[in-house]
Amino acid sequence: MTSSPKLPRPRPLHELKDVHDYLDDVRLRPGMYVRGSSIHHLASVLYGYRVACEINGIPSTTDFDPGGPFNKWLGLRLDLGYESSLGWSREIELAAEAAGTPPLDLFFSLLDEFRAERGNTAQNVAR
């Protein structure tokens, strides 16, 4: 009988500092956090994060807000020549479809590039 490899475990929520920490955990087990591994569901979760912060009086600007830094960067990265009015999740879905790759895989690849270009210092106010 062979034992299956142990999957990395997401951290308890109280150990997370910001939305990027949360996304690192989502990457470990996307099916646990994102229904059907849908990039649109991930975008909804991140919007919910923002709403929850605002409701609780926490500054809520994140990289993933509509018109936020990630959306602007993505427009340049995907050679769109503009900031997408469709939103980053739809643009990634279209790019993934063209590349024949799962949208969440492409999202995390792009997220790594985004972080690297910014020196891994994400501009997140919400903590």
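These numbers come from a predicted model, not from an experiment. (Residues numbered from 1 in each chain as written. Predicted model: local features only at pLDDT ≥ 70, side-chain atom pairs only at ≥ 80, totals over all residues. Heavy atoms only, no water.)

On to helix α4 (residues 69-77), then. Listing the buried residues of α4 in full gives Phe 70, Asn 71, Trp 73, Leu 74 and Gly 75. Buried residues along α4 sit in contact with α5 (88-99) and α6 (103-117). Asp 79 occupies a position one or two residues after α4 and carries a positive phi of about 55°. (Buried < 20%, exposed > 50% of the residue type's maximum accessible area, 1.4 Å probe, protein only. Helix = DSSP H or I, 4+ residues; strand = E, 2+ residues; numbered from the N terminus. Contact = heavy atoms within 4.5 Å.)

Taken together, Tyr 47, Val 51 and Ile 55 make up a surface patch of nonpolar side chains, about 320 Å² in accessible area. Within the fold, Tyr 47 resides in helix α3 (residues 39-55). (Patch = residues over 30% accessible without salt bridge, like charges linked within 9 Å, V, L, I, M, F, W, Y side chains within 5 Å. Areas by Shrake-Rupley, 256 points an atom, 1.4 Å probe, with all protein chains shown as cover. Salt bridge = Lys/Arg side-chain N within 4 Å of Asp/Glu carboxyl O.)

We now examine the side chain of Asp 65. Among the secondary structure elements, Asp 65 is positioned in the loop between α3 and α4. Within the local environment of Asp 65, its side chain forms a polar contact with the backbone nitrogen of Thr 62, the two atoms lying 3.1 Å apart. (Polar contact = N/O pair within 3.5 Å; in protein donor to acceptor, adjacent residues only side chain to side chain.)

Bringing α6 into the picture now. Compared with the 21 Å implied by 1.5 Å per residue over 15 residues, the 21 Å span of α6 between its first and last C-alpha is a close match. When α6 is considered as a whole, its buried residues turn out to be Leu 104, Leu 106, Phe 107, Phe 108, Leu 110, Leu 111, Phe 114 and Arg 115. Elements that come into contact with the buried residues of α6 comprise α1 (19-28), α2 (30-33), α3, α4 and α5. Looking one or two places after α6, you find Gly 119, whose phi comes out positive at around 70°. (Expected span 1.5 Å × (residues − 1).)

This part is about the confidence of the model for the protein chain. Averaged over every residue, the pLDDT of the protein chain is 85; the share at 70 or more is 87%. Counting interchain partners and residues more than four positions distant, the pLDDT-below-50 stretch residues 121-127 has 25 contacts. (pLDDT = per-residue confidence, 0-100.)

Our focus in this paragraph is the environment of Leu 42. Mapped onto the elements, Leu 42 comes out in helix α3. Exposure remark for Leu 42: the relative accessible area of 0% places this residue in the buried category. Here the alpha-carbon distance between Leu 42 and Phe 107, two residues 65 residues apart in the chain, equals 9.9 Å. If near-sequence neighbours (up to four positions away) are discounted, Leu 42 is found in contact with Leu 23, Val 26, Val 34, Trp 88, Leu 104 and Phe 107.

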